[in-house]
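# Architecture and fold: a report
Next come the chains, spelled out residue by residue.
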Amino acid sequence: MLLGTHVLLPVNLALMVDLPRIRHGNTPLFSGGGLLAIGIFGALPDLCSPHVSLDARHASLSHTCLFLGLLIFILAALTSFLHKGQRLRLAAACWLASFLHLAADAVSGGIPWLHPWSEDILGTFYIDPLWWIPSDIVFVVIGSSLLLIRRRWLHAPPRPHQDLPSPSPH
Ligand SMILES: [Zn+2]
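In this text the structure is predicted, and so the values were computed from the model without any measurement.

This part is about unusual backbone geometry. Across the chain, the bulk of peptide bonds are trans and the bulk of non-glycine residues have phi less than zero. The step from His115 to Pro116 runs through a cis peptide bond, and the omega angle for that step is 10°. One can find Pro116 in the loop between α5 (84–106) and α6 (132–154).

With that out of the way, let us pick up the UniProt feature "transmembrane region" (unreviewed entry) in the protein chain. The positions UniProt marks with the feature "transmembrane region" (unreviewed entry) are residues 29–47, 59–78, 90–111 and 131–149. As a span, residues 90–111 carries 77% helix and 0% strand, and end to end its C-alpha atoms are 25 Å apart.

So, on to the packing of helix α1 (residues 3–23) against α5. At a minimum axis separation of 9 Å, α1 and α5 run at an interaxial angle of 135°. When the axis of α1 is compared with that of α5, the two are oblique. Seen along the crossing, α1 lies across α5 with a hand that is right-handed. Here Thr5, His6, Leu9, Pro10 and Ala14 of α1 come into contact with α5, specifically with Ala93, Leu96, Ala97, Leu100, His101 and Ala104. Counted by class, the contact of α1 with α5 contains eight nonpolar, three polar and no charged residues.

Moving on, we get to the environment of His58. Position of His58 relative to the elements: it lies in helix α3 (residues 54–58). Residue His58 is classed as partly exposed on the basis of its 17 C-beta neighbours within 10 Å. Separated by 54 residues in the primary sequence, His58 and Pro112 have C-alpha atoms spaced 5.2 Å apart. Leave out the neighbours within four places in its chain, and His58 touches Gly110, Pro112 and Ile121.

Rules used in this analysis
- Residues numbered from 1 in each chain as written.
- Predicted model: local features only at pLDDT ≥ 70, side-chain atom pairs only at ≥ 80, totals over all residues.
- Helix = DSSP H or I, 4+ residues; strand = E, 2+ residues; numbered from the N terminus.
- UniProt positions renumbered as here; feature names shortened; annotations may be inferred.
- Axes fitted to C-alpha atoms, helices over the stretch in contact; angles between N-to-C directions.
- Parallel < 35°, antiparallel > 145°, perpendicular 65-115°, else oblique.
- Left-handed = near helix turned anticlockwise from the far one by under 90°.
- Contact = placed C-beta atoms within 7 Å.
- Nonpolar A, V, L, I, M, F, W, Y, C, P; charged D, E, K, R; others polar.
- Buried ≥ 20, exposed ≤ 12 C-beta atoms within 10 Å, placed from the backbone.

Have a look at this one:
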């Protein structure tokens, strides 16, 4: 899959989890910076080993279980300065974003999940490359809509009280 899908699939999922909370007046689970981090970690396997060909992806270390394992320690270090509850939530969301990247690539060409110990490729072209650009477009449209809704609901003025009309003097 292409970067748009990798970035926006986890961001859109995070927004879909968060929007009902925001609608009910609760603090968002993920700040704008948190959503940005989730998007970056969604793209991370490709950012660590930029490639065009499928062979290059199949030779990369960033599309493997080893990468996902190392990411746990990296995320633990990167989020260590955050508040305890926020730390675990953001680290888990960022790890899931990278996991979703590998899952999406597994169904669109396959990943070398056990590299460097095995050349076995997990997955194949269940999703034809012809659908990759339309997929990016759909995720951009959905993501833009969800971000607009989030912004509107976060900045909505407090609802006025529904006071009963005062009785008219007679
Ligand atoms: Zn990839």
